[in-house]
Amino acid sequence: MPVRKAIVQSPIGLHARPAAIFVRAVTESGLPVRIGKDGVPPVDARSLLEVMTADFYCGCEVELSVDSEALPARYTVESAEAALEGLTLLLEAGAAA
């Protein structure tokens, strides 16, 4: 299962606009990405509502993952890992601010 850890750098965390930018990037990837943190079960990162209500605040460490069994046919594990790396960079650059 491809997994990446990231630190949320947006000053307001994954709420409102930053959450929308992140969810749009996940949706455009075409992958069934999940996002979670300690103490919170992973949620579907394609769902703006789920991402916003999970309270991913600035500075928290999140885990992005894709279940290898759920990969669309056009993806390899390597391409899923590359997509997760891009999403990690988005979160850590604060670009979703």
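The numbering scheme is per chain: residues are counted from 1 as the chain's sequence reads. Restriction of local features to residues with pLDDT of at least 70 applies here, the model being predicted, together with a cutoff of 80 or more for giving and counting side-chain atom pairs; totals for whole chains, interfaces and linings are based on all residues. The side-chain values count all of the structure's non-hydrogen atoms but skip hydrogen atoms and water molecules.

**With respect to the packing of helix 1 (residues 16–29) against helix 3 (residues 77–92)**
Now for step 1: Each axis is a line fitted through C-alpha atoms, and for a helix only the stretch in contact is used; angles between axes span 0 to 180 degrees, taken between their N-to-C directions. Under the scheme used here, helices are H or I runs from DSSP no shorter than 4 residues and strands are E runs no shorter than 2 residues, and both carry numbers assigned from the N terminus. Running from N to C, helix 1 and helix 3 cross one another at 170°; their axes reach a closest spacing of 11 Å. Classified by the angle between their axes, helix 1 and helix 3 sit roughly antiparallel to one another. Each of Ile21, Phe22, Ala25 and Val26 in helix 1 lies in contact with helix 3, whose residues at this interface are Leu87, Leu90 and Leu91.
Now for step 2: Polar here means any residue outside two lists: the nonpolar Ala, Val, Leu, Ile, Met, Phe, Trp, Tyr, Cys and Pro, and the charged Asp, Glu, Lys and Arg; Gly therefore counts as polar. Among the residues making up the contact of helix 1 with helix 3, the classes are represented as seven nonpolar, no polar and no charged. What sets the label is the angle itself: under 35 degrees gives roughly parallel, over 145 gives roughly antiparallel, 65 to 115 gives roughly perpendicular, and the rest give oblique. What makes two residues a contact is simply this: any of their non-hydrogen atoms within 4.5 Å.

**Re the pairing of strand 2 (residues 34–37)**
Now for step 1: Note on pairing: two strands pair once DSSP finds at least 2 bridges between them. For strand 2 and strand 3 (residues 40–44), the ladder comprises three bridges, and the chain directions are antiparallel. Counted as the bridge partner of Ile35 is Val43 from strand 3.
Now for step 2: Direction of pairing for strand 2 relative to strand 4 (residues 61–65): antiparallel, over a ladder of three bridges. Counterpart to Gly36 in the pairing with strand 4 is Glu63.

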